[in-house]
Amino acid sequence: MRKLTALFVASTLALGSASMAFAADTTAAPATTDATPMKMMHHKGEGKGGPFAGLNLTEQQRQQMRDIMKESHQKRGAGMKEERQALHSLVASDSFDEAKAKAQIDAISKTQSEHMLERAKAENKMYNLLTPEQKKQYNENYQKREQKMMDHMNNMKSKMTTEQK
């Protein structure tokens, strides 16, 4: 069960990083006639928003990335809610059917895997829209985020070890 929880948390973090950075703007962007770079908007302050944050994307790159994310979201569908609800029904029943629970967990894992694959395809398309300088910054952002996540995981692990003593 710990492995499933860890997989779910890791998937959620991985899938959420870029979607927050590319959420559609609710205000109209000012029209620009040239291809001047625009700083990527993110809502959680400096250093947040995943590897695409702070890349000084042009308006054209931003629009292409929004289109890629929109297409990716449409392909993924909404199946996870139903999958989790079905698992909850098994957990909340009077008797536990391990075979059904395993089958439902396998279905959830398959759906998550398909979502992650679609997400990876979309991120690859977006990455290939970047200039060499932006790619370098993207990779630096990724490494920083990865280190931060590892530090967090190690911190949580040490807290759990301390609490168990």
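See the structure shown above.
The model shown is predicted, which means the values in this text are computed figures rather than measured ones.

Participant: Go over unusual backbone geometry, please, and point to the residues and values.
Facilitator: The phi dihedral of N56 falls on the positive side, at around 50°, and the residue is not glycine. Positionally, N56 belongs in the loop between helix 1 (2–21) and helix 2 (59–76). Note on N56: relative accessible area 39%, which makes it partly exposed.

Participant: Lay out helix 5 (residues 132–164) with the relevant residues and their values.
Facilitator: Over its 33 residues, helix 5 extends 48 Å from the first C-alpha to the last, a length consistent with the 48 Å expected when each residue adds 1.5 Å. Buried within helix 5 are the following residues: Q134, Y138 and N141. As for helix 5, its buried residues are in contact with helix 2 and helix 4 (98–127).

Participant: Hey, could you go over the packing of aromatic side chains for me, with residue numbers and the actual values?
Facilitator: Applying the stated criterion across every chain yields a total of 2 aromatic pairs. Through successive ring pairs, a cluster of aromatic residues spans F52, Y127 and Y138.

Participant: Describe the nonpolar core, with residues and values.
Facilitator: Within the largest apolar cluster, 10 residues are counted, these being F52, L55, L57, M65, I68, M69, A122, M126, L130 and Y138. Going through the elements one at a time, helix 2 and helix 4 are the ones with two or more residues in this core. Considering every element that reaches this core, the biggest residue donor is helix 2, with 3 residues.

Participant: How would you explain the pattern of salt bridges if you had to name every residue and give the values?
Facilitator: On inspection of all chains with the given rule, the structure shows 7 salt bridges. Residues R119 and E123 are paired through a salt bridge, measuring 3.1 Å at the closest nitrogen-oxygen approach. Highlighted residues: R119 and E123, both in helix 4, separated by 4 residues, approximately one helical turn. By relative accessible area, E123 is classed as buried at 16%. Notably, a salt bridge pairs E140 with K136, separated by 3.7 Å at the nearest N-O pair. One end of the pair, E140, and the other, K136, are both in helix 5, 4 residues apart, so they sit about a helical turn from each other. For K136, a relative accessible area of 55% puts it in the exposed group. The network of salt bridges with common partners includes E59, R62 and R66.

Participant: Lay out helix 4 with the relevant residues and their values.
Facilitator: The end-to-end C-alpha distance of helix 4 is 42 Å, a good match for the 44 Å that 30 residues give at a rise of 1.5 Å each. For helix 4, the set of buried residues is A101, Q104, I108, T111, Q112, H115, E118, R119, A122, E123 and M126.

Participant: Break down the environment of K81 for me, with residues and values.
Facilitator: Within the element layout of this structure, K81 appears in helix 3 (residues 79–91). Since its relative accessible area comes to 60%, K81 is described here as exposed.

Participant: With reference to specific residues and values, describe the environment of M69.
Facilitator: Tracing the backbone through its elements, the reader meets M69 in helix 2. Here the alpha-carbon distance between M69 and K125, two residues 56 residues apart in the chain, equals 9.7 Å.

What counts and how
- Residues numbered from 1 in each chain as written.
- Predicted model: local features only at pLDDT ≥ 70, side-chain atom pairs only at ≥ 80, totals over all residues.
- Heavy atoms only, no water.
- Helix = DSSP H or I, 4+ residues; strand = E, 2+ residues; numbered from the N terminus.
- Buried < 20%, exposed > 50% of the residue type's maximum accessible area, 1.4 Å probe, protein only.
- Expected span 1.5 Å × (residues − 1).
- Contact = heavy atoms within 4.5 Å.
- Phe/Tyr/Trp six-rings, centres within 6.5 Å; stacked < 30°, edge-to-face > 60°.
- Core = buried A, V, L, I, M, F, W, Y, C linked by side-chain atoms within 4.5 Å.
- Salt bridge = Lys/Arg side-chain N within 4 Å of Asp/Glu carboxyl O.

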